Amino acid sequence: MSDEIENQEYGLPRSGHETRIDGPVVLGEGEFQYEISGENWGRLPEGWNYREATAVAVDEQDRVYVFNRGTCPIVVFDQNGNMLDSWGEGIFNNPHGISLDLDGNLFCVDSGDSTVRKFTPEGELLMTIGEANQPSPPMSGNPFNAPTHVATDPISGEIYVADGYSNARVHKFSPNGELLFSWGESGTDEGQFNIVHNIATDSSGQVYVADRENHRIQIFGPDGQYRNQWVNLSRAATIYVDTRHDRDLVYIGEYFGGIGTNHIATDLGPRVTIMDTDGRIVGRVGTESYGSQPGRFFSPHGIAVDSAGNIYVAEVSHSDYGRIWGVSDELRSMQKMVRLT
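Owing to the predicted nature of the structure, the values given are computational and were not obtained by experimental measurement.

Draft legend 1. Structural detail: the overall build of the protein. A count of helical and extended segments in the protein gives 2 helices and 27 strands. The C-alpha radius of gyration of the protein comes to 19 Å, within 12% of the 20 Å expected for a compact globule of 341 residues. Residues classed as buried in the protein amount to 56% of the 341 residues present. For the protein, restricting intrachain contacts to residue pairs at least 6 apart in sequence, the fraction spanning at least 24 positions comes to 48%. Accessible surface computed for the protein: about 13300 Å², of which carbon and sulfur atoms make up 43%.

What follows is the structure, encoded as structure tokens:
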């Protein structure tokens, strides 16, 4: 399909660089319904851009940390999108994943230089795991070669690192950065991975791995032993477990899973699926194919939820679409879904 046809079908003009905004729409079902505007969320200073937001985290005060590849790598907002702080210039090669530890510090994963860095919320560097620009050999199983995300054990504070693009591995570290053990290998069987793209823990300490190109979530114990898997997903790219309410809820961001010529297929992503920890789908947001219109997504790459149940979705729109289409301006890459019920 030509770029011109794609652009017309998905709300992008022939030049491919404007975002059509038709006003907020409501997505979802049952108790999980959300208003979404379809435009970039967060008020950036004049002249700034995200280029693309790659990940997002929300702390206990509902401050929103957007990790991006634009003007400033870390931008901090309040719930209303007012900018509170920014930092990180000159540090990162290729921002990829961001998450919080038990003390509210931030783990920032750089897939470009193969490091995991830990910062205070104000940007003070506390720890680095891995040596910058010294990746391990591809598929060696050793940390790291293009890691993707970090999760923290909710009880011990131990650190799980998804080492996903050129390894097929999860590494577990002590809170001070000592390697304890690793698990995983390339493949499609239980405990094997094909792009370990994201990782999260629930309140009991179970570990959830977004095994993206195997189209599934795999679940492990804190010892790395396989427990279960959830299938019937599109390309499961990002996962977040909300533990702040009366039950743990698992939010999964999925990429478009259609074949190369099936651009108008529905119910294949990109979308957000909400599940309980038993694997039951309790809500799903988004049915249409990728696009810039309100109610559609490009590529959900990072996801987080605030205390009100609002969902923040960071999307690698430029990498997956803008670059291919030759878009010169910025595509939408940061959305807030405001919960209505």
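On we go from here.
Draft legend 2. Here's a closer look at the packing of aromatic side chains. A complete count under the given rule lists 18 aromatic pairs for this structure. On the basis of an interplanar angle of 75 degrees and a centroid distance of 6.2 Å, the ring pair of Y160 and W183 is categorised as edge-to-face. Separated by 23 residues along the polypeptide, Y160 in strand 12 (residues 159-163) and W183 in strand 14 (residues 179-183) bring together distant segments of the chain. Considered together, Y160 and W183 belong to a single accessibility category, that of buried residues.

Draft legend 3. Geometry of the sheet that holds strand 11 (residues 149-152). The strand order across the open sheet built from 4 strands is 11-12-13-14, with neighbouring strands paired in antiparallel fashion. The two strands at the open ends of the sheet, each matched to only one other strand, are strand 11 and strand 14. Between one strand axis and the next, the sheet turns through 20 degrees on average, direction left out of account. Bridge count between strand 13 (residues 169-173) and strand 14: 4 bridges; the pairing is antiparallel. Its bridge partner lying in strand 14, F173 is registered against L179.

Draft legend 4. The pattern of salt bridges, seen in detail. Tallied over the entire structure, the rule returns 17 salt bridges. Linking K172 and E158 is a salt bridge whose minimum nitrogen-to-oxygen distance equals 3.0 Å. Of this pair, K172 sits in strand 13 while E158 sits in the loop between strand 11 and strand 12, placing them 14 residues apart in sequence. Overlapping salt bridges bring together E31, R247 and R339 as one network.

Draft legend 5. Region of interest: the sheet that holds strand 1 (residues 25-29). On the basis of which strands lie adjacent, the open sheet formed by 5 strands has the order 1-2-27-26-25 and antiparallel pairing. Each of the sheet's edge strands pairs with one partner strand only, and the pair in question is strand 1 and strand 25 (300-305). The average undirected angle you get between the axes of adjacent strands in this sheet is 25 degrees. Across 5 bridges, strand 25 lies against strand 26 (residues 311-315) in antiparallel orientation. Considered in strand 26, the bridge of I303 is made with V313.

Draft legend 6. Up close: the environment of S204. Position of S204 among the secondary structure elements: in the loop between strand 17 (196-201) and strand 18 (207-211). Here the alpha-carbon distance between S204 and V76, two residues 128 residues apart in the chain, equals 29 Å. Side chain to side chain, S204 and D202 meet in a polar contact 2.7 Å long.

Draft legend 7. Examining the side chain of S174 more closely. When you line up the elements, S174 lands in the loop between strand 13 and strand 14. Within the local environment of S174, its side chain forms a polar contact with the side chain of N176, the two groups lying 2.3 Å apart. Every residue in contact with S174, bar those within four places of it in the chain, is listed here: E158, I159 and L180.

Draft legend 8. Quick look at the pairing of strand 9 (residues 115-119). Across the 5 residues that make up strand 9, a large majority, 5, are buried. Of the two faces of strand 9, the one lined by T115, R117 and F119 and the one lined by V116 and K118 are each fully buried. Pairing of strand 9 with strand 10 (residues 125-129) involves 4 bridges; the strand directions are antiparallel. What sits directly across from F119, in strand 10, is L125. Between strand 9 and strand 10, which follow one another and run antiparallel, lie 5 residues, and G123 among them has a positive phi close to 100 degrees.

Draft legend 9. Representation of unusual backbone geometry in the model. Omega for the peptide link from P143 to F144 comes to -15 degrees, which places this bond in the cis form. Inspection of the secondary structure assignment puts F144 in the loop between strand 10 and strand 11. Look at the link from G269 to P270: it is a cis peptide, with omega at -5 degrees. With respect to the helices, strands and loops of the structure, P270 is situated in the loop between strand 22 (249-255) and strand 23 (271-276). Of note, N232 is a non-glycine position whose phi angle comes to about 55 degrees, a positive value. You can see N232 is positioned in the loop between strand 20 (226-230) and strand 21 (235-242). By relative accessible area, which is 70% here, N232 ends up exposed.

Draft legend 10. Fine view of a nonpolar patch on the surface. Side chains of V26, V338 and L340 sit close together on the surface and give an oily, nonpolar patch of about 230 Å² of accessible area. Looking at the element boundaries, V26 is found in strand 1. A relative accessible area of 47% places V26 in the partly exposed class.

Cut-off values and rules
- Residues numbered from 1 in each chain as written.
- Predicted model: local features only at pLDDT ≥ 70, side-chain atom pairs only at ≥ 80, totals over all residues.
- Heavy atoms only, no water.
- Helix = DSSP H or I, 4+ residues; strand = E, 2+ residues; numbered from the N terminus.
- Rg over C-alpha atoms; globule rule 2.2 N^0.38 Å.
- Buried < 20%, exposed > 50% of the residue type's maximum accessible area, 1.4 Å probe, protein only.
- Contact = heavy atoms within 4.5 Å.
- Areas by Shrake-Rupley, 256 points an atom, 1.4 Å probe, with all protein chains shown as cover.
- Phe/Tyr/Trp six-rings, centres within 6.5 Å; stacked < 30°, edge-to-face > 60°.
- Pairing = 2+ DSSP bridges.
- Axes fitted to C-alpha atoms, helices over the stretch in contact; angles between N-to-C directions.
- Salt bridge = Lys/Arg side-chain N within 4 Å of Asp/Glu carboxyl O.
- Polar contact = N/O pair within 3.5 Å; in protein donor to acceptor, adjacent residues only side chain to side chain.
- Patch = residues over 30% accessible without salt bridge, like charges linked within 9 Å, V, L, I, M, F, W, Y side chains within 5 Å.

It is worth stressing that arrangement in space is one thing and function is another; only the former is reported here.
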